[in-house]
Amino acid sequence: MPGVLGSLSVLATIGIGSSILAAAGLSFLGLGPTEPVPEWGLMLSGGRNALAQAWWISVFPGIAITVTVIAATVLGRTLRARAEGRGR
């Protein structure tokens, strides 16, 4: 079990990042929830036609997606390091 715990935490957090990207991509393409639902992909899709006038409509949800996926990855690597005994 201790040998599997590190790999399991990394795979789980990579899965979280992949799930976030997949959900945002599908809703960006119009295959996810409809408009009243606050969804990052819908926010990106809604702002793509107004990039010249209101760039922040698409940029901030994109930054939120990026930061969330990176945070999940860093969390997974930290958990793996602690499970392997390399943590502080």
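Residues numbered from 1 in each chain as written. Predicted model: local features only at pLDDT ≥ 70, side-chain atom pairs only at ≥ 80, totals over all residues. Heavy atoms only, no water.

(A) Fine view of the overall build of the protein. What the protein contains, in helices and strands, is three helices and zero strands. Scanning the protein from its N terminus toward the C terminus, one meets helices and strands in the order α-α-α. The C-alpha radius of gyration computed for the protein amounts to 17 Å, which surpasses the reference 12 Å derived for 88 residues by more than 25%, pointing to a less compact arrangement than a globule. Based on the C-alpha atoms only, the size of the protein along its principal axes is roughly 50 × 25 × 15 Å. Considering only residue pairs separated by 6 or more positions, the protein has 40% of its internal contacts joining residues 24 or more positions apart. Of the accessible surface of the protein, which amounts to about 6200 Å², a share of 69% is contributed by carbon and sulfur atoms. (Helix = DSSP H or I, 4+ residues; strand = E, 2+ residues; numbered from the N terminus. Rg over C-alpha atoms; globule rule 2.2 N^0.38 Å. Contact = heavy atoms within 4.5 Å. Areas by Shrake-Rupley, 256 points an atom, 1.4 Å probe, with all protein chains shown as cover.)

(B) Spatial organisation of the packing of aromatic side chains. Applying the stated criterion across every chain, the model contains two aromatic pairs. Both rings, one in tryptophan 55 and one in tryptophan 56, keep their centres 5.8 Å apart while their planes meet at 80 degrees; by these two values the pair is edge-to-face. Geometrically, the ring pair formed by tryptophan 55 and phenylalanine 60 is tilted, given 6.0 Å between the ring centres and 45 degrees between the ring planes. For tryptophan 55, a relative accessible area of 45% translates into the label partly exposed. One aromatic cluster in this structure is built from Trp55, Trp56 and Phe60. Over the face of the ring belonging to phenylalanine 28 we find arginine 48, whose NZ or CZ atom lies 4.9 Å from the ring centre. (Phe/Tyr/Trp six-rings, centres within 6.5 Å; stacked < 30°, edge-to-face > 60°. Buried < 20%, exposed > 50% of the residue type's maximum accessible area, 1.4 Å probe, protein only. Lys NZ or Arg CZ within 6 Å of the ring centre and 35° of its normal.)

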